[in-house]
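Chain residues, written in single-letter form:
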Amino acid sequence: MDADTFNAMYPVRTPVRVFPNTRDDGSRITRTRTPAVQVQHGLSVVHVDGIRGPLDTRYIDPLPDNHPVEAS
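The paragraphs below set out a description of the structure included in this document. On a predicted model such as this, the values are computed, not experimentally measured, just so you know.

### Quick notes on the side chain of threonine 57
Turning to step 1, where the next piece is worked out: Following the sequence through the fold, threonine 57 ends up in the loop between strand E5 (55-56) and strand E6 (60-62).
Turning to step 2, where the next piece is worked out: Residue classification places threonine 57 among the buried positions, given a relative accessible area of 9%.

Now the structure itself:
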């Protein structure tokens, strides 16, 4: 999904399940901290609370607004 579509569907502070390394590794529940941006070769990335650096939006699963979020 491109960054514009991601941002239209999921505003900053959306609760998300992230997979920081791969989907085979453990996940973490957090919130988006920035809007997604398009980087090289069409890749979309977003920053989330509690994790340094951007994450590929393909490794982020948005959750319902009322989903509990882990403390950072």
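So, next bit.
### Description of the sheet that holds E6
The strands making up a sheet associate through backbone hydrogen bonding, with each pair oriented either parallel or antiparallel.
Turning to step 1, where the next piece is worked out: Here three strands make up an open sheet; going across it, the order is E2-E1-E6 and the pairing antiparallel. Both outer strands of the open sheet, strand E2 (28-31) and E6, are each paired with one neighbouring strand and no more. For this sheet the average axis-to-axis angle between neighbouring strands, irrespective of direction, equals 35°.
Turning to step 2, where the next piece is worked out: Looking at chain direction, strand E1 (residues 15-18) and E6 are connected through three bridges and run antiparallel. Bridge pairing links arginine 17 to aspartate 61 in E6.

### Topic: the environment of proline 54
Turning to step 1, where the next piece is worked out: You can see proline 54 is positioned in the loop between strand E4 (44-46) and E5.
Turning to step 2, where the next piece is worked out: Judged by its relative accessible area of 46%, proline 54 falls in the partly exposed class.
Turning to step 3, where the next piece is worked out: Each C-alpha atom, one on proline 54 and one on proline 20, is 9.4 Å from the other, the two residues being 34 residues apart in sequence.
Turning to step 4, where the next piece is worked out: Contact partners of proline 54, with chain neighbours within four places excluded, come to Val45, Val46 and His47.

### Observations regarding the pairing of E1
Turning to step 1, where the next piece is worked out: As judged from the four bridges shared by E1 and E2, these two strands associate in the antiparallel manner. From the neighbouring strand, valine 18 faces E2, where its bridge partner is arginine 28.

### Section: the environment of aspartate 24
Turning to step 1, where the next piece is worked out: Within the element layout of this structure, aspartate 24 appears in the loop between E1 and E2.
Turning to step 2, where the next piece is worked out: Classification of aspartate 24 as exposed rests on a relative accessible area of 77%.
Turning to step 3, where the next piece is worked out: The spatial distance from the C-alpha of aspartate 24 to the C-alpha of histidine 47 is 20 Å, given a sequence separation of 23 residues.

### Description of unusual backbone geometry
Turning to step 1, where the next piece is worked out: A positive phi angle is found at arginine 13, which is not glycine, with a value near 85°.
Turning to step 2, where the next piece is worked out: Relative to the helices and strands, arginine 13 resides in the loop between helix H1 (3-9) and E1.
Turning to step 3, where the next piece is worked out: Exposure remark for arginine 13: the relative accessible area of 43% places this residue in the partly exposed category.

Conventions and cut-offs
- Residue numbers restart at each chain and count upward from 1, following the sequence in its written direction.
- For a predicted model such as this one, the threshold for reporting local features is a pLDDT of at least 70, and the threshold for listing and counting side-chain atom pairs is 80 or more; totals across whole chains, interfaces and linings nevertheless cover every residue.
- By convention in this description, side-chain values take in all heavy atoms of the structure and omit both hydrogens and water.
- Here a helix means four or more residues in a row that DSSP labels H or I, a strand means two or more in a row labelled E, and each is numbered from the N terminus.
- For each residue, the accessible area found with a 1.4 Å probe, counting protein chains only, is set against the maximum for its type, and the residue is called buried under 20%, exposed over 50%, and partly exposed in between.
- Should DSSP find at least two bridges between two strands, the strands are taken to pair.
- Helix axes use the C-alpha atoms of the stretch in contact, all axes being lines fitted to C-alpha atoms, and the angles between their N-to-C directions lie in the range 0 to 180 degrees.
- By definition in these notes, contact holds between two residues if any of their heavy atoms fall within 4.5 Å.

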